[in-house]
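Given next are the chains, with one letter for each unit.
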Amino acid sequence: MVTTRLNRAKLHVPGLTSAPVPRENLLKRLDGHRGRVVLVSAPTGFGKTVAVADWITRLPMPVGWLSLDGMDDDPMRLGTYLAEALEGLGDGFELVAQGFRAAGKGGAVGELRERLEALTDDGLLVLDDLHEVKSENA
């Protein structure tokens, strides 16, 4: 298995350098969402990252963050970062990450998906800049 040298900065919520623009309506919509996936979509520069970073400071659950870039098109690289982002979310998520690593390259991404689908623990994983991942294989 090819090892990926991790850029740990990709796994941290960007710091808010000043008070974000109040977006109470958006925050209420995010708070009220009960699905498994939330997509925040707007043109570049509209403050999506800041809005989500502000929102997660209010949540009573563990949050993992992953800032994506074009290099994350590689399924193994993406999976490695996903496993790292999940590890800090609690015991159930750590088991998911360990299972992914143990599966190796052959079925690792499928293994990660199956374990995530079976998970019952509360937690949130933010994938910032998901549009950067364009490969159908990732």
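Reading the values: rules and limits
- Residues numbered from 1 in each chain as written.
- Predicted model: local features only at pLDDT ≥ 70, side-chain atom pairs only at ≥ 80, totals over all residues.
- Heavy atoms only, no water.
- Helix = DSSP H or I, 4+ residues; strand = E, 2+ residues; numbered from the N terminus.
- Areas by Shrake-Rupley, 256 points an atom, 1.4 Å probe, with all protein chains shown as cover.
- Salt bridge = Lys/Arg side-chain N within 4 Å of Asp/Glu carboxyl O.
- Buried < 20%, exposed > 50% of the residue type's maximum accessible area, 1.4 Å probe, protein only.
- Core = buried A, V, L, I, M, F, W, Y, C linked by side-chain atoms within 4.5 Å.
- Contact = heavy atoms within 4.5 Å.
- Pairing = 2+ DSSP bridges.

*Asks:* What exactly am I supposed to notice about the overall build of the chain here?
*Replies:* A tally of helices and strands in the chain yields four helices and two strands. Put simply, the chain runs from its N terminus to its C terminus through helices and strands in the order α-α-β-α-α-β. Just so you have it, the chain exposes about 8,800 Å², and 53% of that area is on carbon and sulfur atoms.

*Asks:* I keep staring at the pattern of salt bridges and nothing clicks. Help me out?
*Replies:* Pairing is possible between side chains of opposite charge, provided their charged atoms come close. If you walk through the whole model with that rule in mind, you get five salt bridges. Two residues, R8 and E84, come together in a salt bridge whose shortest N-O distance is 3.0 Å. Here the residue R8 occupies a position in the segment before helix 1 (24–32), and E84 occupies one in helix 3 (residues 75–87), the gap between them amounting to 76 residues. Ionic contacts of the salt-bridge type, sharing partners, join the residues K10, D69, D72 and R77 into one network.

*Asks:* Can you help me understand unusual backbone geometry in this one?
*Replies:* Across residues other than glycine, the phi torsion is negative in most instances, and most of the peptide bonds are trans. The phi dihedral of D129 is positive, around 65°, even though this residue is not glycine. Summarising the element assignment, D129 is placed in the segment after strand 2 (124–128). Its relative accessible area of 31% is what places D129 among the partly exposed residues.

*Asks:* Would you mind showing me how to read the nonpolar core here?
*Replies:* Across soluble globular proteins, you tend to see nonpolar side chains buried next to one another. Membership of the largest hydrophobic core is limited to nine residues, which are L27, L30, V52, W55, I56, L59, W65, L124 and V126. Elements supplying a minimum of two residues to this core: helix 1, helix 2 (48–56) and strand 2. Contact partners of L59, with chain neighbours within four places excluded, come to D31 and L124. Ranked by size, the runner-up nonpolar core spans eight residues in total, among them L66, L68, L82 and A85.

*Asks:* How do you make sense of the environment of A83 when you look at a structure like this?
*Replies:* Secondary-structure assignment places A83 in helix 3. A83 gets classed as buried once you look at its relative accessible area, which sits at 0%. Taking C-alpha positions, A83 is 9.6 Å from L95, a pair spaced twelve residues apart along the chain.

*Asks:* Would you explain the pairing of strand 2 in this entry?
*Replies:* Two faces belong to every sheet, and in a regular strand the side chains alternate between them. The alternating pattern of strand 2 places L124, V126 and D128 on a buried face and L125 and L127 on a face that is not buried. Sheet analysis places strand 1 (residues 63–67) next to strand 2, joined by five bridges and oriented parallel. Residue pairing across strands places V63 opposite L124, the latter belonging to strand 2.

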